[in-house]
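# Structural description and commentary
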Amino acid sequence: MKLGIIMDPIQGINIKKDSSFAMLLATRSLGWDLYYMEMVDLFLAGNRPHAKMRRLEVEDNPQQWFRFEEEIISELPLLDIILMRKDPPVNMNYVYVTQILQLAQKHGVCVVNNPAALRDVNEKLFITWFPDCIAPTLVTMDAQQILAFLDEHQDIILKPLAGMGGASVFRIKKPDANTQVIIETLTDNGVRLAMAQRYIPDIVHGDKRILLIDGEPVPYALARIPRAGETRGNLAAGGTGRGVELTRRDREICATLAPVLRDKGLIFTGIDVIGDYLTEINVTSPTCIRELDALYQLNIAKDLLLAIEKKRHR
């Protein structure tokens, strides 16, 4: 098997926390050939998708975790599997790359996640497909609608539809002297959509990251506990991770999502659950593999690769 990965520069990753690195280690443990790409390496010649690829060797060594070997320029159908693991933002370059990957898919390459779904699914908006799983939610660029939502719920979260790691996520409690400027900032003075959600007090017990492989959840989640004085549990915002078993409600949410995830070709997803509510569905580059592996002696990345291989041969 030949597997290619498209990711952010490997020299800048933190291997203790990087889920893409877990996938690289699992690829080599299976004896598969590994090829490395960044988005800049992909191109079209006519209607044939190509890339500059580097053969890659990896080891779980914080001093030297990767080594590039030969570099080739080849059509993407050289590969059996491509993992698209570039972090957001999902900007126009990202969209164009998904279109190149869709051509590779047309030529028989198994691309994970499905390029059309990566293009179409917004990680914040996608939760609205599952109204029974979410807290009261509003998506708008109208300040008056947000103010009315705040009047109704008194305590809300306001966040952008793009971004990751808890960036630009605000909690607004009424009254708050900064309400107007927060709304102006997130909506760019009324020309950009933002999402408002009723504040969920259960955040003090953690924002749970649940990983799903072809719709089936890993039986444990990483509850990301906000630091003192924070409302964001994101590890990138200073949260602390704690392993927890899935609850009955967690499994109900996963079962509700599973048929849609499978239908869209979203083989690897990471959902965020606070209390009884789904808050985000991460499809671009879900994380927390390494943390859960370490806590529970799992090998989530290997399970994922074997699931991809099985799906590819159906």
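What comes next concerns the included structure. Along each chain, numbering runs from 1 in the same order as the chain's sequence is written. Only residues with pLDDT of at least 70 are given local features in this predicted model, and only at 80 or more are side-chain atom pairs given and counted; all residues enter the totals for whole chains, interfaces and linings. Heavy atoms from the whole structure form the basis of all side-chain values; hydrogens and water molecules are not counted.

## Comments concerning the environment of Val 218
Only DSSP runs of H or I with at least four residues qualify as helices, and only runs of E with at least two residues qualify as strands; both kinds are numbered from the N terminus onward. Tracing the sequence through the fold places Val 218 in the loop between strand S13 (216-217) and strand S14 (220-225). Note: C-alpha distance between Val 218 and Thr 231 (13 residues apart in sequence) is 26 Å. Should any heavy atoms of two residues lie within 4.5 Å, those residues are considered in contact. Beyond its immediate stretch of four places on either side in the chain, Val 218 contacts Leu 211, Leu 246, Leu 298 and Ile 300.

## Concerning the sheet that holds strand S8 (residues 137-140)
Strand pairing within a sheet occurs via backbone hydrogen bonds; the two strands may be parallel or antiparallel. With respect to topology, 4 strands assemble into an open sheet ordered S8-S11-S9-S10, the strand pairing being antiparallel. Two strands lie at the open edges of the sheet, namely S8 and strand S10 (170-173), each paired on one side alone. Ignoring which end each strand starts from, the neighbouring axes of this sheet average 25 degrees apart. Note that strand S9 (residues 155-160) and strand S11 (residues 194-198) share 5 bridges and pair antiparallel. Following the sheet pairing, Ile 157 is matched in S11 by Gln 197. Only the stretch in contact is used when a helix axis is fitted, and all axes are lines through C-alpha atoms; the angle between N-to-C directions ranges over 0 to 180 degrees. Relative to the sheet, helix H5 (residues 179-187) contacts S8, S9, S10 and S11, its axis offset from that of S9 by approximately 30 degrees. In this description, strands pair whenever DSSP reports at least two bridges between them.

## Regarding the pairing of strand S6 (residues 81-84)
The alternating pattern of S6 places Ile 81 and Leu 83 on one face and Ile 82 and Met 84 on the opposite face, and all of these are buried. Bridging between strand S1 (residues 2-6) and S6 involves 4 bridges; their strand directions are parallel. Each bridged residue has a counterpart across the sheet, and for Ile 5 the counterpart in S6 is Leu 83. In this structure, S6 lies alongside strand S7 (residues 110-112), joined through 3 bridges in parallel fashion. Bridge pairing in S7 links Ile 81 to Cys 110. The definition of a right-handed crossover adopted here requires that, viewed with the strands pointing away, the path from the first strand over the helix to the second runs clockwise. Crossover handedness for the path S6 to helix H2 (residues 92-106) to S7: right-handed. When accessible area is computed with a 1.4 Å probe and restricted to protein chains, residues below 20% of their type maximum are described as buried, those above 50% as exposed, and intermediate ones as partly exposed.

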